[in-house]
Amino acid sequence: MSGLLLEVRDLVKTFGAGETTTHVLRGLNLRLEKGELSALLGPSGSGKSTLLTILGTLMKPTSGRYEMLGADMIGADDAELTVFRNLHIGFVFQFHNLLPDFTALENVIFPTAVREGRETASARARGTEILVRMGLVDRVDFPVAKLSGGQKQRVAVARALMNRPELVLADEPTGNLDRASAIQVMDLIAEINRDEGTTFLISTHDDKIAATCRRQIVVGDGRLTG
Amino acid sequence: MLYALKIATRYLMASASQTALLVTGVAVGVFIFIFMSALIGGLAEFIMARTVGDMAHITIDAEPTDPPLLLPRAPGRILLVQQKTDQRSNVLPDAAAFIPTIEAIPGVLVTSQEITGSGFLIRGKLVQQVSVTGVEPGKVSAIVRIGSYIVEGRPDLAAGTVLLGKTLADNMKLAVGQTVRLQASTGIDAALTVAGIFKIGSGGQDRRQAYVSLATARTLFAMPQAISQIEIRLADLYAADATAARIEATTGLHATPWTEQAAQLLAALKAQAQTGLLLKSFALVTIVIGIASAMLLSTFRRRPEIGIMRAMGAKRSFVLLVFIAQGAIVGLLGGVSGAAIGYLVLSRFPGPGALQPGGLPIDVAQGAFGLAILLTTIGAILASILPARSAARVDPATAIGQ
Ligand SMILES: Nc1ncnc2c1ncn2[C@@H]1O[C@H](COP(=O)(O)OP(=O)(O)OP(=O)(O)O)[C@@H](O)[C@H]1O
Ligand SMILES: [Mg+2]
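Residues numbered from 1 in each chain as written. Chains lettered and ligands numbered in written order. Predicted model: local features only at pLDDT ≥ 70, side-chain atom pairs only at ≥ 80, totals over all residues. Heavy atoms only, no water.

**Student:** Honestly, the overall build of chain A in this entry has me stumped. Any pointers?
**Tutor:** Within chain A, the secondary structure is distributed over 7 helices and 10 strands. Its C-alpha radius of gyration of 17 Å places chain A within 12% of the 17 Å reference for a compact globule of 226 residues. By principal-axis analysis of the C-alpha atoms, chain A measures approximately 50 × 40 × 40 Å. At a minimum sequence separation of 6, the contacts of chain A that also span at least 24 residues come to 72%. For chain A, the computed accessible surface area is about 9,700 Å², with 50% contributed by carbon and sulfur atoms. (Helix = DSSP H or I, 4+ residues; strand = E, 2+ residues; numbered from the N terminus. Rg over C-alpha atoms; globule rule 2.2 N^0.38 Å. Contact = heavy atoms within 4.5 Å. Areas by Shrake-Rupley, 256 points an atom, 1.4 Å probe, with all protein chains shown as cover.)

**Student:** How should the pairing of strand 6 (residues 179-184) of chain B be read in this particular structure?
**Tutor:** When a strand is regular, its side chains alternate between the sheet's two faces. All names here are of chain B. Side chains Val180, Leu182 and Ala184 of strand 6 all project onto a buried face; the interleaved residues Thr179, Arg181 and Gln183 project onto a face where none is buried. Relative to strand 6, strand 2 (residues 108-123) runs antiparallel, the two sharing 4 bridges. Note that in strand 6 the partner of leucine 121 across the bridge is leucine 182. Two elements, strand 6 and strand 7 (residues 189-198), share 5 bridges in a ladder whose sense is antiparallel. If you follow valine 180 over to strand 7, its bridge partner there is leucine 192. What sits between the antiparallel neighbours strand 6 and strand 7 is a turn of 4 residues, in which glycine 187 has the positive phi angle 95 degrees. (Buried < 20%, exposed > 50% of the residue type's maximum accessible area, 1.4 Å probe, protein only. Pairing = 2+ DSSP bridges.)

**Student:** Which parts of the structure should I look at to understand the pairing of strand 2 (residues 22-33) of chain A?
**Tutor:** In this sheet, strand 2 of chain A lies alongside strand 1 (residues 4-15) of chain A in antiparallel orientation, the contact comprising 9 bridges. Residue Leu6(A) lies in a different strand from strand 2 of chain A, and its bridge partner there is Leu32(A).

**Student:** Help me understand the sheet that holds strand 8 (residues 199-203) of chain A, please; the structure alone is not making it clear to me.
**Tutor:** Across a sheet, strands are paired by hydrogen bonds formed along the backbone, either parallel or antiparallel in direction. All names here are of chain A. One open sheet accounts for 6 strands, arranged 6-7-8-3-9-10; its pairing is mixed. The open sheet terminates on both sides in strands that have one partner only, identified here as strand 6 (89-92) and strand 10 (223-224). Contacts from helix 1 (residues 48-55) reach strand 3 (37-41), strand 6, strand 7 (167-171), strand 8 and strand 9 (215-220) within the one sheet, and its direction differs from that of strand 7 by about 155 degrees. The sheet strands contacting helix 5 (residues 149-161) are strand 6, strand 7 and strand 8, and the helix crosses strand 6 at an angle near 170 degrees. (Axes fitted to C-alpha atoms, helices over the stretch in contact; angles between N-to-C directions.)

**Student:** How do you make sense of the interface of chain A and chain B when you look at a structure like this?
**Tutor:** With 27 residues of chain A in contact, the opposing surface of chain B contributes 25 residues. Applying the counting criterion to the chain A and chain B interface returns 6 salt bridges. For Lys6(B), the salt bridge identified is with Glu106(A), shortest N-O distance 2.9 Å. Of all the secondary-structure elements, those providing two or more residues to the side of chain A that touches chain B are helix 2 (78-88) and helix 3 (104-116) of chain A. The class makeup of the residues in the side of chain A that touches chain B is 13 nonpolar, 7 polar and 7 charged. (Salt bridge = Lys/Arg side-chain N within 4 Å of Asp/Glu carboxyl O. Nonpolar A, V, L, I, M, F, W, Y, C, P; charged D, E, K, R; others polar.)

**Student:** Could you clarify how one ought to interpret the site of ligand 1 in this entry?
**Tutor:** Residue and element names in this part refer to chain A. Close to ligand 1 lie Phe15, Val24, Pro43, Ser44, Gly45, Ser46, Gly47, Lys48, Ser49, Thr50, Glu172 and His205, which account for all nearby residues. At 2.7 Å, a side-chain N or O of lysine 48 approaches an oxygen atom of ligand 1. Between ligand 1 and glutamate 172 there is a distance of 3.3 Å, counted from an oxygen atom to a side-chain nitrogen or oxygen. In isolation ligand 1 exposes 640 Å². Once the protein is present, 60% of that is buried. Of the residues forming the shell around ligand 1, the biggest block, 3 residues, is contributed by helix 1. The residue makeup of the shell around ligand 1, split by class, is 3 nonpolar, 7 polar and 2 charged. (Near = heavy atom within 4 Å. Polar contact = N/O pair within 3.5 Å; in protein donor to acceptor, adjacent residues only side chain to side chain.)

Right under this line is the structure:
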């Protein structure tokens, strides 16, 4: 369960050009080991979301190197990255997280169904199992539009785990939740991390949430500062 | 494929009223398409039945003969302009011998040997000029469907009987069973019994046409052997040109297809068909634009979701399929329901054969229902390609950040 999961070196991300150029990341270096549970901290606008988006292969950096599971993430094309994401990376976002016209279970099994071309019985079984683990046993076939904020984020975590990815990236997953719901979500994440060895990188503004993680990574001035 | 279809149907059902509106719009377009097909087709059928229906498809008659030229033997050049004559002799001397040959030509349904001429109907002080046609007794309805126009008596031509147009009979105060004297242009006359009175309704036939048996006509016009013309009906009236050429080639007789006399009618029918085609294309274009704009709106609305799906590992082709499938489903539903409504509505029309005055000559059989559904579905798929491509190109990073 140990070993290097990913490494980025000299990561630079610049938005815009000319007068409006924003230098968000200025040569950031980061290594994540397998099985880590890390919080990503830093002031607003410091580049946390930008870093998570690049690590999630949804955006390319302006320059720098990025390797995950020994594979080069910079040179790969969109089709290769799509397959890679599906197998190895799970996401939890703050907003716009679930597909609103589908049930909790349909959302959870999406990553498997989209790969297999249909919703198989085994995918449904695994999806139900994770939802039960997330404490949503009575919400499996609920339309997600009717769930509470905390329930939605737990469905999102369940979906991120569906394909047993090595890495789950969560961008302020508790940002919209009250303290009790936030703690519930973080407890579940810690449990999965302990039991399955899944690596989590979770951005947050909340020091109490960050304190529940084993490692704290702080972004400032385009680099890691802590 | 199956999974993309599931997502597509779910998206359509999620905005059910919007989808229903879109499908209704498509159905209306399809209905217009089908209505135009049935109307233009029925109209052509109706016009053809009213004109060509009582017309010989091919007429064999004596060739027009230009008078011989007598040119003076003089030095220099002569510029000669000669107008083709319309004058033709009324007599085909030995055409009857060719009847078996002509009837053996494929596509020829029936031949009718006729003697035509003019004369006067005389009854006491009443006198009317008439066109006289002598036909074989068994072929009274072979060309003009006299049998279906009879309003009094029977369409039978025994020797010594005559069939008269309704107006003509009225003018002469004649009823079935009464006798009238027919004096031909040759000066020969005969006393004939009115066997039937017909009313065609169009043209001048009701006012001046008289039918007699071929035998009577031979006497009246002093033509013991010859006939005036052979009229022919074909199985396929559009084969008239080719068949006329074939008859000319095999018999050497002068055969004129109906198309030669009805060039204007054909041009009008063609123009009408083209107008119909134009209107049908407009209906299709409207469908395509409607679906394209609805799909474009849908892809904008669903940008964040598309971003999430892409983040979860949905390929571009999957997103493409989801949105094209939506268009295809809308096209198919609209096509089928438009065709169904079209069938229900158009079936209530009596059809061009049983048209009432002031009615539309709609032929439900020419509604092109399958074509309408097919073209609509293809059009819908084409219409969704552009929006679907823009959906597939959505950048997940910016879409999720929105
Ligand atoms: N697509 C973009 N185009 C231009 N500038 C951008 C873009 N995305 C992010 N930025 C800029 O990059 C900087 C970092 O943004 P980012 O969202 O990564 O910060 P953050 O640390 O996640 O902030 P917060 O804690 O508020 O979520 C900001 O100044 C932002 O305006
Ligand atoms: Mg952020």
